[in-house]
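# Structural characterization, general
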Amino acid sequence: MSARRPTLFWRLALGMALVATLAFVASSIFLYVRFEAANSRFREDTLLSFARSLGRDLTIGQVTLQKGLDRLAELHGHFAIVAASGAVLASSSSKDAPLVPIDQADQRYFILPAHGDAPGLFGLSIRVSNLEPPVFVQVAFPRSHLVFDSVLEEFVGDIAWIWIPFVLILLGTNVAIAEFTLRPLSRAAREAEEIGPASINARLSEDDMPPDVLAIVRAVNRALERLQGGYLTLERFAANIAHELRTPMAVIKAELSVSDTALARNLERDFESMERLVNQLIDRARLGGLHFEEGDRVDLCDVANRVGSFLAPIIIAKQRTIEVICPKEHVLVYGSGDFIFRGLRNLVENAVDHSPVETTLSVVVGEDRTITVLDRGPGFPDSKLDAVSRKIDRSNSDRSDGLGLGLSIVDETMAAHGGQLILSNPSTGGACAVMTFPR
Amino acid sequence: MRMLLAEDNSRLGPLISDALKAAGFATDLVTTAEEAEAAFTVVSYDALVLDLGLPDRDGMSLIAPARLHAPSTPVLVITARDNASSVIEALDRGADDYLCKPFVMGVLIARIRALLRRPGAQRVSLLCERNVELDPAQYRVRVAGRDVDISRRELSALELLMRRSYRVISRSEFEESMYGFGEEVSSNAIEVLIHRLRRKLEVAGAEIEIHNLRGLGYMLADKHP
């Protein structure tokens, strides 16, 4: 199991999503830090102004001081006015204790942790020095105070709610642009996906390709051209072997036919199997060049009839007979007529070699796009029945009867057509080979 | 009967030539396309047998000039190329028949005889196969030298079979060649006809037999012992 590699598009999309998230996080952190700084300054300024005004109020009189204290209470603030000796002169709490122990500093900010019901406090202690003896005014507000936070929080919240959709829309747009830009690539990929041994004429389309992608597409097309050239060379090579081998064979055959001796007849018979082997080798070499174009349609009935007529003289000479049974309608499949012909010819030749004299071979074309070859022979050896074991078995198969080579030709012909060869030995006897074509 | 044989192989050429001579054809053997062309422009041959793989030129290029020179002279091509495109090209260019190497000599001679029997090349009036003779002009069939009583329809069926012996003739080919347009052919007319013909040949002791190949048609071939 290997993990699927992400496509270029997914890499781009992932990268852009990462950048968007990073931008969002960075701006959030920046805003938060700025907010915290502004918030602290705002708190400090508020505390300072409250403390100073209380200090001023102390010098003016009781009434003014009370007003200031009332305002403080409204905002849930705490206070303590502490003499230099440490004695508490006035306090918002019932306990007579300063909010923090006093020291000689002019002003000092402090934080009181929350304990029990009492919330955590953020406060300021200042020395009011224009009074003699000096007093200390301590003011504190709960740390999570509405007044401080709400304004800024609202501001930050608004920014965030504009910022998130903005980032998302930007991301969406980028992804759409990436998808649009990569479209020629995915089209080329789809086209390349459909190129197989059966369509070696096909090329990736170069229209509407951006110049940088066009370079790759052209290179791939040139590679395909070279491959096609290779295929065609192979086909010519097979034709050449055919020529080179067949002419000397024709000489031997012609010489044998002149002789009247029994030896010549025996040699002629032996020669037949050699001839068949040569034909099979040529068929096998040709398979490399098996290709058909989209729309190449073959009538299986026509192929069965041609194979039957082609082999009938040989079959009759060998004292067997053949029948071809076709449905009323044509049975059309996509493929190469020549190669299906050779595949079927190999199956029928097999059947002739393995069936007893005075028996009939049947070639049956099925409406379900099949061609079945039936004989009355001993059936296929077990090692040949299964397509997989056939392939494994091929290396050390007994080729004296050409069965292995013949079946491999049919197997590969069928594979190139997206179909398969199914062999079985029916319980009624004989052998049954079915070429099955896809819809 | 005079034949031209163009075959460059130094062993195969004389072998074929001797076999043709033994079969009663006067045969001129040439080994190049040049010689072949020179020969058929001067001599009027009854049939041409051309190998495609000649040393100076492809035998394929000889077919058209041969056709032009003697339109009714049958041309048989012998080739080691058995791929469909070569065969189609040869036939398209005007060859009448082709034979793939290696071939049985008897088949080559039978094919040449069949070509000579074709209408248009009406040189052979008597059809012979083993001990069966058919004279189309006199509507007469003889087996082992004795006349066989045979109907006109049976005779034309046998003629078709003998003109193309050792090859499968489909039922529709029988219908086309034996019945006129619009003529009603009952579904088993051919079968009944062939069945009668088979019986007559068998009774007369013919050495050939009409083989019935279900789904394919009929073929005239040697009788199995």
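Just so you know, these numbers come straight off a predicted model, no measurement behind them. Each chain has its residues counted from 1, following the order in which its sequence is written. Chains carry letters and ligands carry numbers; both start at the beginning, A for chains and 1 for ligands, and go up in the order they are written. Predicted model: local features are reported for residues with pLDDT of at least 70 only, side-chain atom pairs are reported and counted for 80 or more only, and whole-chain, interface and lining totals are derived from all residues. Water and hydrogen atoms play no part in the side-chain values, which are based on all heavy atoms of the structure.

A count of helices and strands for chain A gives ten helices and twelve strands. Each of the 439 residues in chain A was classed as buried or not, and the buried ones make up 39%. With an accessible surface of roughly 24800 Å², chain A has 61% of that area assigned to carbon and sulfur atoms. Secondary structure elements are taken from DSSP: a helix is a run of H or I of four residues or more, a strand is a run of E of two residues or more, and numbering for both begins at the N terminus. For every residue, the accessible area obtained with a 1.4 Å probe (protein chains only) is divided by the maximum for its type, and the residue is called buried under 20%, exposed over 50%, and partly exposed between those limits. With residues, only the protein chains shown are counted as cover, and all accessible areas are computed by Shrake-Rupley using a 1.4 Å probe.

This part is about the confidence of the model for chain A. Looking at any residue, its pLDDT shows the predictor's confidence there, from 0 to 100. Of the residues in chain A, 92% reach a pLDDT of 70 or more, and the chain-wide mean stands at 83. Per-element mean pLDDT across chain A ranges from 73 in helix α9 (residues 387–393) of chain A up to 96 in strand β10 (residues 370–375) of chain A.

Turning our eyes to something else, we now look at the state of the cysteines. Residues and elements named next belong to chain A. The definition used for a disulfide is geometric: two cysteine sulfur atoms within 2.5 Å. What the rule picks out here adds up to zero disulfides over all chains. Left without a disulfide partner, cysteine 301 is nearest to the cysteine sulfur of cysteine 326, which lies 3.6 Å away. Exposure remark for cysteine 301: the relative accessible area of 7% places this residue in the buried category.

With that settled, consider the packing of aromatic side chains. Aromatic pairing here means that ring centres of Phe, Tyr or Trp (its six-membered ring) are within 6.5 Å. Orientation follows from the plane angle: under 30 degrees is stacked, over 60 is edge-to-face, and everything else is tilted. Taken as a whole and judged by the stated rule, the model has four aromatic pairs over all chains. For the ring pair Phe310(A) and Phe341(A), a centre distance of 5.6 Å and an interplane angle of 70° mean the geometry is edge-to-face. Of this pair, Phe310(A) sits in helix α6 (residues 300–317) while Phe341(A) sits in helix α7 (residues 337–354); the two residues are 31 residues apart in sequence, bridging distant segments of the chain. For the ring pair Phe174(B) and Tyr218(B), a centre distance of 5.6 Å and an interplane angle of 85° mean the geometry is edge-to-face. Of this pair, Phe174(B) sits in helix α7 (residues 171–178) while Tyr218(B) is found in strand β12 (residues 217–222), placing the two residues 44 residues apart along the sequence. With a relative accessible area of 3%, Tyr218(B) lands in the buried category.

Once that is clear, we can look at the sheet that holds strand β4 (residues 75–79) of chain B. Residue and element names in this part refer to chain B. In this description, strands pair whenever DSSP reports at least two bridges between them. Across the sheet, five strands lie side by side as β2-β1-β3-β4-β5; this open sheet has parallel pairing. In the strand order of this sheet, the two ends are held by β2 (26–30) and β5 (97–100), each with one partner. When strand polarity is set aside, the average angle formed by the axes of neighbouring strands in this sheet is 20°. In this sheet, β2 lies alongside strand β1 (residues 2–6) in parallel orientation, the contact comprising five bridges. Each residue of the ladder has a partner; that of leucine 5, found in β2, is leucine 29. The sheet strands contacting helix α1 (residues 12–22) are β1, β2 and β4, and the helix crosses β2 at an angle near 170°. With respect to the sheet, helix α2 (residues 33–42) is in contact with β1, β2 and β3 (47–51), its orientation differing from that of β1 by roughly 165°. Axes here refer to lines fitted to C-alpha atoms; in helices the fit is confined to the stretch in contact. Angles between the N-to-C directions go from 0 to 180 degrees. Any pair of residues with heavy atoms lying within 4.5 Å of one another is described as a contacting pair.

The next point concerns the side chain of Arg246(A). Turning to its location among the elements, Arg246(A) is positioned in helix α4 (residues 211–258). On the basis of relative accessibility, which here comes to 3%, the residue Arg246(A) falls in the buried class. At 2.5 Å, the side chain of Arg246(A) and the side chain of Asn279(A) are in polar contact. Apart from the residues lying within four places of it in its own chain, the contact partners of Arg246(A) are Ile241(A), Asn279(A), Ile282(A), Ala80(B), Asp82(B), Lys101(B) and Pro102(B). For the purposes of these results, a polar contact is taken to be a pair of N or O atoms within 3.5 Å, where, inside protein, one atom must be able to donate a hydrogen and its partner to accept one; residues adjacent in sequence count only when each atom of the pair is a side-chain atom.

Here we come to the pattern of salt bridges. Residues and elements named next belong to chain A. By convention in these notes, a salt bridge is any Lys or Arg side-chain nitrogen within 4 Å of a carboxyl oxygen on Asp or Glu. Throughout the structure, instances matching the rule amount to 32 salt bridges over all chains. Note that arginine 183 and glutamate 179 form a salt bridge whose closest N and O atoms lie 2.9 Å from each other. With arginine 183 and glutamate 179 both in helix α3 (residues 146–193), this residue pair falls four residues apart, about one helical turn. Among the ionic pairs, aspartate 283 bridges to arginine 342, the shortest N-O distance being 3.9 Å. Within this pair, whereas aspartate 283 is found in helix α5 (residues 262–287), its partner arginine 342 is found in helix α7, the two being separated by 59 residues in sequence. Judged by its relative accessible area of 3%, aspartate 283 falls in the buried class. For arginine 342, a relative accessible area of 8% translates into the label buried. Salt bridges sharing common partners tie together Glu272, Arg276, Asp283, Lys318, Arg342, Arg345, Glu349 and Asp353.

Turning our attention to the nonpolar core. Grouping buried Ala, Val, Leu, Ile, Met, Phe, Trp, Tyr and Cys residues that are joined through side-chain atoms within 4.5 Å yields what is termed a nonpolar core. Grouped together as the largest cluster of nonpolar side chains are 41 residues, with contacts concentrated most on Ile322(A), Leu344(A), Val348(A), Val363(A), Leu421(A) and Met435(A). At nine residues, α6(A) tops the list of elements feeding residues into this core. In this view, Ile322(A) contacts Gly308(A), Ala312(A), Ile315(A), Val348(A), Thr360(A), Leu361(A), Val363(A), Leu213(B), Arg214(B) and Leu216(B); residues no more than four positions away in its chain are not counted. Leu134(B), Leu155(B), Ala204(B) and Ile210(B) belong to the second largest nonpolar core, which has 29 residues in total.

With that settled, consider the environment of Val143(B). Residue and element names in this part refer to chain B. Turning to its location among the elements, valine 143 is positioned in strand β8 (residues 140–143). Overall, valine 143 belongs to the buried group, its relative accessible area being 2%. Between the C-alpha atoms of valine 143 and isoleucine 208, which are 65 residues apart in sequence, the distance is 10.0 Å. With sequence-adjacent residues up to four places away left out, valine 143 is seen in contact with Asn131, Val132, Val148, Leu201, Ala204, Gly205 and Ala206.

This part takes up the sheet that holds β10(A). All names here are of chain A. Strand order in the open sheet formed by five strands is β7-β9-β10-β12-β11, with mixed pairing between adjacent strands. Single-partner strands in this sheet number two, and they are β7 (321–325) and β11 (420–424). With direction set aside, neighbouring strand axes in the sheet form an average angle of 15°. Two strands pair when backbone bridges link them, and strand β9 (residues 360–366) and β10 are joined in this way by five bridges, in the antiparallel orientation. Note that in β10 the partner of valine 365 across the bridge is isoleucine 371. In the packing of α6 onto the sheet, contacts are made with β7, β9 and β10, and the angle to β7 comes to roughly 170°. Contacting β7, β9, β10, β11 and β12 (431–436), α7 runs over the sheet at an angle of about 15° to β10.

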